[in-house]
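# Coordinate analysis (summary)
This is what each chain is made of:
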Amino acid sequence: MKQFGATVTAKDTLESFYRAVSSGDVPAVLGLLDDNVEWTEAAGFPYAGTYHGLQAVLDGVFTRVAGEWDEYRTEPSHLVAEGEEVISFGTYSGTYKATGKSFSARFAHSVTVKDSKIVRFEQVVDTAEVNKAL
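Residues numbered from 1 in each chain as written. Predicted model: local features only at pLDDT ≥ 70, side-chain atom pairs only at ≥ 80, totals over all residues. Heavy atoms only, no water.

### Considering the layout of surface pockets
- As a volume, the largest pocket reaches approximately 510 Å³.
- In this structure, the largest pocket is lined by 29 residues; those nearest its centre are Val-21, Phe-62, Val-65, Tyr-72 and Thr-74.
- Elements supplying a minimum of two residues to the lining of the largest pocket: helix 1 (10–23), helix 2 (26–31), strand 3 (33–41), helix 3 (54–68), strand 5 (69–82) and strand 8 (117–125).
- Its residues assigned to classes, the lining of the largest pocket shows 17 nonpolar, seven polar and five charged. (1 Å grid on protein atoms, 1.4 Å probe; cavity = no way out; pocket = protein on both sides within 12 Å on 5 of 7 lines; lining within 4 Å. Points joined across faces, edges and corners; volume = space filled by probe spheres on them. Helix = DSSP H or I, 4+ residues; strand = E, 2+ residues; numbered from the N terminus. Nonpolar A, V, L, I, M, F, W, Y, C, P; charged D, E, K, R; others polar.)

Structure (structure tokens):
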């Protein structure tokens, strides 16, 4: 894919994804995911498991996060890319509505991008910090 004469890289796609997540632009988020995306949330995380396809990710992850957390943030701090693969490091934070407790936890995401779409997403996170808020 070309954008203003430049090739869109896997890192560009993931950066666009994080911007869309930060702004709450769900159509843009979903537009960056492949229809058959394989999305894995870490064992021990509230939404642990592997989700297949856009609707499963929307229902199993994004809708739940939006409904259960206030001020939930995904803030990447460093991305490393090689070809179609991108590794991202950053911090999640938010307040769990049911308890009023906040958290901050480091994450790593391993992402595969093909044709400017995320086809695979795997999360690694400090689940102990997340679960303190539950």
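### Things to note about the packing of aromatic side chains
- Tallied over the entire structure, the rule returns 13 aromatic pairs.
- With a centroid separation of 6.0 Å and an interplanar angle of 35°, the aromatic rings of Phe-45 and Tyr-92 are classed as tilted. Placement of Phe-45 in the loop between strand 3 and strand 4 (49–52) and of Tyr-92 in strand 6 (residues 85–96) is noted, with a sequence separation of 47 residues between them.
- Judged by relative accessible area, Phe-45 falls into the buried class, the value being 5%.
- Clustering of aromatic rings is evident, with ring pairs tying together Phe-45, Tyr-47, Trp-69, Tyr-72, Tyr-92, Tyr-96, Phe-103 and Phe-107. (Phe/Tyr/Trp six-rings, centres within 6.5 Å; stacked < 30°, edge-to-face > 60°. Buried < 20%, exposed > 50% of the residue type's maximum accessible area, 1.4 Å probe, protein only.)

Such coordinate-based values are descriptive only and should not be taken to indicate function.
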